[in-house]
Amino acid sequence: MRFCDFGTFRPSRPSGARAGSRRSERAYMLTEALVYISAVFVLLGAGMIAMYRCIDNSLVLRRNADDIARTMHIGECWRADVRAATNVAWVVNGGEKVLRLDGATRHVEYRYSDGAVYRRFGLGPWGRVLEQVKSSAMGSRGRSRVTAWSWDLELQPRHRGAVGAARMRPLFTFIAVPDAAETR
């Protein structure tokens, strides 16, 4: 062996120390990798939980918005029916109070029962126009020269899964005045 040949020169170490240091380096790297993998799983789990909560909130918000839009539409139909009425009266139909709106060419009736609002034209079948109604009250409000009719309506708040009930109560009040000379 020549003195300047560094390619074949290796320092002598005890064989046990060299093998032990490699094992400890490998174990440290494996432990480190497992810690990183577990940290990634924890972050992914937290992200998935947040995502599913956002999806639940989005569904509840969309359904509440659909309920509000449907209620506004039916409320405007009710106001149009009251404005077109020549005679507005309460009648008792099978033990239920029914608001009857008689117009020049047709009559429309509204009733509330079993958590829903029903509407029918003439003597036709009752059609369910609003569901999940908590309370509904239609009544007359005497003004100085006219009688105005009001409809106070409250919907059941929607909730789903882990998402609780809405923080806002869905309350509506519709007011209309008939174009008629006679109202009861």
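Located above this text is the structure these notes cover.
So, how was this worked out
- Residues numbered from 1 in each chain as written.
- Predicted model: local features only at pLDDT ≥ 70, side-chain atom pairs only at ≥ 80, totals over all residues.
- Heavy atoms only, no water.
- Salt bridge = Lys/Arg side-chain N within 4 Å of Asp/Glu carboxyl O.
- Helix = DSSP H or I, 4+ residues; strand = E, 2+ residues; numbered from the N terminus.
- Buried < 20%, exposed > 50% of the residue type's maximum accessible area, 1.4 Å probe, protein only.
- Pairing = 2+ DSSP bridges.
- Axes fitted to C-alpha atoms, helices over the stretch in contact; angles between N-to-C directions.

## A few points about the pattern of salt bridges
In step 1: A full pass over the atoms with the stated rule returns 11 salt bridges.
In step 2: In this structure, Arg70 and Asp67 form a salt bridge, with 3.0 Å as the shortest nitrogen-oxygen distance. You can see Arg70 and its partner Asp67 sitting in helix H1 (residues 15–84), 3 residues apart, about one turn around the helix.
In step 3: In this structure, Glu131 and Arg128 form a salt bridge, with 3.5 Å as the shortest nitrogen-oxygen distance.
In step 4: Note on Arg128: relative accessible area 49%, which makes it partly exposed.

## Details of the sheet that holds strand S7 (residues 147–155)
In step 1: Reading across from one edge, S6-S7-S8 is the order of the 3 strands in this open sheet, with antiparallel pairing throughout. With one partner strand each, in any of the chains shown, strand S6 (133–142) and strand S8 (171–176) form the two edges of the open sheet. Between one strand axis and the next, the sheet turns by 15° as a mean value, whatever way the strands run.
In step 2: Inspection of the sheet shows S6 paired to S7 by 9 bridges, in the antiparallel sense. The residue of S7 that forms the bridge with Met138 is Trp151.

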